[in-house]
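If you want the building blocks of each chain, they are given just below.
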Amino acid sequence: MIKITVFGATGRTGRAVISLALTQGMEVAAYARKAAALQELAGRITINEGSLDDADRIAGAISHTDAVVIAFGPRKGGPQVFCAHATQLIVSAMKEQRVRRLVCVTGALVGEQYPSRGLFYRAMRRLLVRKAPHLMLDRDGQETIVMNSGLDWTVFKPPRLMNGADRPGTQLGSELAIGPAARTTVGSLATAILGELLGSQFVRKVVFIRS
C-alpha cells in the first residue's frame, strides 16, 4: 500500500487528492494548521496538526511516507508569503528521511521560463510581478527550491482552476500550450497528480494541464 502525505490538505486541490487517493486504496496523512478542518475524514486518514514553519511537526508528518504532495498556496485573508520557506522545510525533511518522491502544485503564472505559455499568460505574469512582487518572488522561489532539490520531483502548473470532477480529454505536457481559454478542474488536477504518483511519467519535469 502506498502512503502519501498531503500538505495543503484543507484546500480544494488537497481535499480532491485525498478523496481520490482513498478510492485508490492509498494510505493518506494530511498536514493542516487546524485538525478540526479535516474532522470529517477522521478515522480514514492520519491528521497532523501544525504550522508550515514548524520543522519538527513537518518531519513527523513525513515519517514513513512514500511520497509527498504540496498543494498549498496563498488564500484571500491568509498569509501571502510562506510557500518558499515551507517548501524548503519539507524538502529538507524529505532528504533527512530519505523520501524521494515529491509532487508540487504551483501555477501557470509561476516562473520566468516556459515558452509554451501564451501571450495572455505572459502579460498576466508581468502584471502580477508589478502589482505583487513579494507574492511572485515567493512562488517562483518555491518552484526553484523543488527543481533544485535533487529529489524525484514533478511540478504541476494548472491555469485557471475550477471546481468540478475529472474531465475526459484532459491534456498534460511539459510543452503544452497555455492560452487565454486554458483552464482545468480540480478533479482533473487531482487525477493527474495521482496518476503521476502511480506512473512516474514526468519525473523531474514541469507539467502544464488543461481540460
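Only a predicted model underlies this, so the values are computations on that prediction, with no experimental measurement involved.

A.B. asks: What exactly am I supposed to notice about the overall build of the protein here?
C.D. replies: Helix and strand counts for the protein stand at 6 helices and 10 strands. On C-alpha atoms alone, the protein measures out to a radius of gyration of 16 Å, which is about the 17 Å that the 2.2 N^0.38 rule sets for 211 residues. Considered along the principal axes of its C-alpha atoms, the protein spans approximately 45 × 35 × 35 Å. Within the protein, the fraction of its 211 residues that count as buried is 51%. In the protein, the proportion of contacts linking residues at least 24 apart, taken out of those at least 6 apart, comes to 69%. Within the protein, the 16 negative side-chain charges are centred at a point lying 9 Å from the centre of the 27 positive side-chain charges.

A.B. asks: Teacher, can you tell me more about the packing of aromatic side chains here?
C.D. replies: The description of two aromatic rings rests on the distance between their centres and on the angle between their planes. Going through the model one piece at a time under the given rule, you end up with 4 aromatic pairs. The aromatic ring of Phe82 is capped on one face by Arg33, whose charged end is 5.3 Å from the ring centroid.

A.B. asks: Looking at this structure, I do not really get the environment of Ile2. What am I missing?
C.D. replies: Mapped onto the elements, Ile2 comes out in the segment before β1 (3–7). Taking the relative accessible area as the measure of exposure, Ile2 reaches 33% and is therefore partly exposed. As a C-alpha pair, Ile2 and Gln171 span 169 residues in sequence and 25 Å in three-dimensional space.

A.B. asks: Looking at this structure, I do not really get the side chain of Thr106. What am I missing?
C.D. replies: Summarising the element assignment, Thr106 is placed in the loop between β5 (101–105) and α4 (119–131). Contact partners of Thr106, with chain neighbours within four places excluded, come to Arg139, Gln142, Glu143, Val155, Phe156, Lys157 and Pro158.

A.B. asks: I would appreciate a short explanation of the environment of Ala35 in the present structure.
C.D. replies: Along the chain, Ala35 turns up in the loop between β2 (27–32) and β3 (46–49). Between the C-alpha atoms of Ala35 and Arg160, which are 125 residues apart in sequence, the distance is 28 Å.

A.B. asks: Before we go on, may I ask you to explain the pairing of strand β10 (residues 205–210) in this structure?
C.D. replies: Walk down a regular strand and you will see the side chains alternate between the two sheet faces. The pairing of strand β6 (residues 152–157) with β10 spans 4 bridges and is parallel. Its bridge partner lying in β10, Lys157 is registered against Phe208. Judged from the 3 bridges that link them, strand β8 (residues 171–173) and β10 form a sheet pairing that is antiparallel. Paired with Gln171 across the strands is Arg210, a residue of β10.

Reading the values: the criteria
Residues numbered from 1 in each chain as written. Predicted model: local features only at pLDDT ≥ 70, side-chain atom pairs only at ≥ 80, totals over all residues. Heavy atoms only, no water. Helix = DSSP H or I, 4+ residues; strand = E, 2+ residues; numbered from the N terminus. Rg over C-alpha atoms; globule rule 2.2 N^0.38 Å. Buried < 20%, exposed > 50% of the residue type's maximum accessible area, 1.4 Å probe, protein only. Contact = heavy atoms within 4.5 Å. Lys, Arg positive; Asp, Glu negative; His and termini not counted. Charge placed at Lys NZ, Arg CZ, Asp CG, Glu CD. Phe/Tyr/Trp six-rings, centres within 6.5 Å; stacked < 30°, edge-to-face > 60°. Lys NZ or Arg CZ within 6 Å of the ring centre and 35° of its normal. Pairing = 2+ DSSP bridges.

In short, the description is geometric, and any link to function would need to be established separately.
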